[in-house]
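A look at the structure
Chain by chain, the residues run as shown.
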Amino acid sequence: MLCDKLLVEGILPERAILRVKRAGIDVYNAKKIRKNAIVFSVKKKDTEKVFAIYPNVCYNKESESEYLLTRAGAERTTKLLDFFKKRAGILLGALLFLVLTQFFSAYVLQVEITGTNIYEREILRTLEKHGVKTLARYSAKNNDLICSEILSLDGVGFCSVKKSGSTLKVEVRMNPFRKPFVQKGGLCAKRSGEILSLSVLRGTPLKKAGDKVSAGEMIVGDYLLTGAEQTEKTQVDTIARLELACSYEETFAVKTEEEAFAQAYLALSLSENGRIREKSIQKNQDGFHVKIDYTEIQTINF
């Protein structure tokens, strides 16, 4: 929008500006530069209308008039430009957010399995087999193959694989007319930590609340001890629930706390039943040291 800059001089120049506005002419960037002078801008198409309000001044500066109106130059201004200038930080942040969102949306940052967690290991193994895993670029070309392999698992009646943002959502439903599925084997700890609670409905607990365990360690055996001396083992289907208190810590060579926590969260790879209890981030000479305390819940046929 092209504008002309005008200078009005006289006693109470504000009255001159007010008269221009009353004539239906938009006034921009009005600024009082002296006690009796104001600089302001109007659209180029309205310039002659302003001079028409003070005809004597327009054609003869020596004529008597209440105000002296002169041209002070031309300027280019837009409301949109002013809007951007005043909100540059917010708009830049929004633009950066959109760019990062578009960039990371091409990658898988999290895998979410819904419907059932019976085949969680098998599903994750199938995804990885076809190149779908966290921090990897996503391609939907193998979705049909992934679904067909998951559907081949005993009792699975429905499978859907789709990506929402940076989250890959895998929905698996069991056939309602299938035979009850029972996981075989005992309950092993998937992570290292301290046992907060252990509920065993069937099987033999090998650990108790308060014990510290390592990843891969057997927590509940898939047998019952029988016989007079409780030495004979009778095979059973394990039914148990385990809650672990775990901790993760690592130093990341990054510039901000946010980046450090983001990398730690991705490396931690919490399961659907995982919950962060506490976190701390400390700056050191190598970057930021992140410590995360969290809980993990594991079940088998529970």
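The notes below deal with the structure included here. (Residues numbered from 1 in each chain as written. Predicted model: local features only at pLDDT ≥ 70, side-chain atom pairs only at ≥ 80, totals over all residues. Heavy atoms only, no water.)

Here's the deal with the packing of helix 6 (residues 120-129) against helix 7 (residues 143-151)
Formally: Only C-alpha atoms enter the line fits that serve as axes; for helices the fit covers just the stretch in contact. Angles between N-to-C directions range over 0 to 180 degrees. A run of DSSP states H or I qualifies as a helix once it reaches four residues; a run of E qualifies as a strand once it reaches two. Both are numbered from the N-terminal end. For classification purposes, angles smaller than 35 degrees are called roughly parallel, those larger than 145 roughly antiparallel, those between 65 and 115 roughly perpendicular, and all remaining angles oblique. Working rule for handedness: look at the near helix, and if it is turned counterclockwise from the far one by less than a right angle, call the crossing left-handed; if clockwise, right-handed. Any two residues having at least one pair of non-hydrogen atoms within 4.5 Å are treated as being in contact. Charged means Asp, Glu, Lys or Arg here, nonpolar means Ala, Val, Leu, Ile, Met, Phe, Trp, Tyr, Cys or Pro, and polar covers whatever is left, Gly included.
At their nearest, the axes of helix 6 and helix 7 sit 10 Å apart, and the two run at 150° to each other. Classified by the interaxial angle, the pair formed by helix 6 and helix 7 is roughly antiparallel. At the point where helix 6 passes helix 7, the crossing takes the right-handed sense. Two secondary-structure elements touch here, helix 6 through Ile 123, Thr 126, Leu 127 and Lys 129 and helix 7 through Ile 146, Glu 149 and Ile 150. Of the residues contributing to the contact of helix 6 with helix 7, the split by class is four nonpolar, one polar and two charged.

What to know about the sheet that holds strand 13 (residues 212-213)
Spelled out, the test is: Here a strand pair is declared whenever DSSP counts at least two bridges between the two strands.
The antiparallel open sheet is built from five strands, whose spatial order is 13-11-17-19-18. Both outer strands of the open sheet, strand 13 and strand 18 (275-284), are each paired with one neighbouring strand and no more. The strands that helix 8 (residues 257-268) touches are strand 17 (239-252), strand 18 and strand 19 (287-300); relative to strand 19, the one it contacts most, it runs at about 30°.

Thoughts on the sheet that holds strand 10 (residues 187-188)
Reading across the sheet, the three strands line up as 10-14-12 and stay open at both edges, with antiparallel pairing between neighbours. Whereas interior strands pair on both sides, the edge strands pair on one side only; in this sheet they are strand 10 and strand 12 (204-205).

Considerations on the pairing of strand 18
What counts is decided by this rule: Partly exposed residues are those whose accessible area sits between 20% and 50% of the maximum for their type, while under 20% is buried and over 50% is exposed, using a 1.4 Å probe and protein chains only.
Of all the 10 residues making up strand 18, one are buried; the element is thus mostly uncovered. Between the end of strand 18 and the start of strand 19, which pair antiparallel, lie two residues.

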